[in-house]
Amino acid sequence: MSKKECIAMLLAGGQGSRLGVLTKDVAKPAVSFGGKYRIIDFALSNCANSGIDTVGVLTQYRPYLLHSYLGTGGAWNLNESDGGVSILPPYATQTGGAWYEGTADAVTQNIGFIEQNDPEYVLILSGDQLYSMDYQAMLESHKRHGADLTVAVMPVPWEEASRFGIITQDEDERIVKFTEKPNKPDSNLASMGIYIFNAQLLVDTLNEDAIDQTSEHDFGNNIIPKLLADGRRLYTYEYNGFWRDVGTISSYHETSMDLLGAKPAFDLFDIQAPIMSNSSTKPPAYIGPNGAVDDCLVGNGSRIFGRVAHSIISTDSYVGERAIVEDSVLLPGACVKAGAHVARAILGEHSVIEENVVLGSVDQTRDTAVIGNNVVVGKGEE
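Calculation notes
Residues numbered from 1 in each chain as written. Predicted model: local features only at pLDDT ≥ 70, side-chain atom pairs only at ≥ 80, totals over all residues. Heavy atoms only, no water. Phe/Tyr/Trp six-rings, centres within 6.5 Å; stacked < 30°, edge-to-face > 60°. Helix = DSSP H or I, 4+ residues; strand = E, 2+ residues; numbered from the N terminus. Buried < 20%, exposed > 50% of the residue type's maximum accessible area, 1.4 Å probe, protein only. Lys NZ or Arg CZ within 6 Å of the ring centre and 35° of its normal. Pairing = 2+ DSSP bridges.

1. Some thoughts on the packing of aromatic side chains
One pass over the full model with this rule turns up 13 aromatic pairs. Note on tyrosine 195 and phenylalanine 219: the rings are 5.5 Å apart at their centroids and 40° apart in plane angle, and the pair reads as tilted. With tyrosine 195 in strand E13 (residues 189-198) and phenylalanine 219 in helix H7 (residues 219-229), the pair connects residues that are 24 residues apart, well separated along the chain. Of the residues examined, tyrosine 195 reaches a relative accessible area of 6% and is grouped as buried. Where phenylalanine 305 meets tyrosine 318, the ring centres are 5.7 Å apart and the plane angle is 50°; that geometry is what we call tilted. You can see phenylalanine 305 sitting in the loop between strand E19 (303-304) and strand E20 (307-309) and its partner tyrosine 318 sitting in strand E22 (residues 318-319), a full 13 residues away along the chain. Relative accessible area serves as the criterion here: at 25%, tyrosine 318 is assigned to the partly exposed category. Grouping aromatic residues by their ring pairs yields a cluster made of Phe33, Tyr37, Phe42, Phe242, Tyr252 and Phe266. Here arginine 38 stacks its cationic end above the ring of tyrosine 69, 5.6 Å away from the centre of that ring.

2. Quick notes on the sheet that holds strand E16 (residues 286-287)
If you trace the six strands from one edge of the open sheet to the other, you get E16-E19-E22-E25-E28-E31, paired in parallel fashion. Of all strands in the sheet, those with a lone pairing partner are E16 and strand E31 (376-377), marking the two edges. Relative to E31, strand E28 (residues 352-353) is paired through two bridges, and the arrangement is parallel. Residue pairing in the sheet places valine 352 in a bridge with valine 376 of E31.

Dropping the structure here:
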């Protein structure tokens, strides 16, 4: 096996409990987004577009859909015999199996994958964020600074800074302080949870952390503060593009709606950095003679006989005659039968809204209505 300069470790084991019924049966990175994509597509596409061809995907919660979706990695051009996508689930030992205790512990349990590939650098990623980034540019910044660790940061509004891990840096972009969710932030540079480590330092630090019984085994809470205290060379890499962690139903709905309009907040169709997907090939969407589509993303295999407006209609969705769907997200295979009215809602995969049912409201003050995967909403149910 040829030596790799940089490999990626993609943390994709999250339960995403704040997404409620959308993650009841699947891990958050496997949740459908943007019509034909799943959330993990964004990090994998970034790797492919950045020339990072060896990716370890660390799975844990409800991993089955994620495992089958990843397949050979070919959908993202990550299926090389000398690299590609490797699925790294928690494994049982002679003393029994153990779930990952924290973000750092997840990587610690897979140090063998790092050592097997023997890279100079390791890129640590989260599988549940939506953004487009050139990791090569971040790696060049890491080398230029002679850094031990580089942390991707993004300026956030000052009033929101206390929700993030906040980085304070000097004029040379060297990190002088890291504070997790400070009450009174002295900087508005938020850590994105994207790191590049010198590989040997990462391995040594994780092994040391693993035997520290006071540690939570977390990159933000333990590894970064420890390296800072040891006087290591920690630097920032500033990112200023679109970035979202759709951790709640309201942020998921809002981010989906941001994909619509003449100038969407995030361009899913950027030719320079395409977002790739392993959605199976489907026939084109079909719009019936009385169907109407206004300001929507419509996935392949969808059939629309009613009226849809300002909505994401994912692959294989169905909207019946006289049905109305507005300000909503239909995940793959969702079915809205004839005469139903769906407003400001998220319908899970293969869910069914029966005939003439009214679901949701255009009233912005009311919560977004959410229906889980495979749920049938019958007449008279609200």
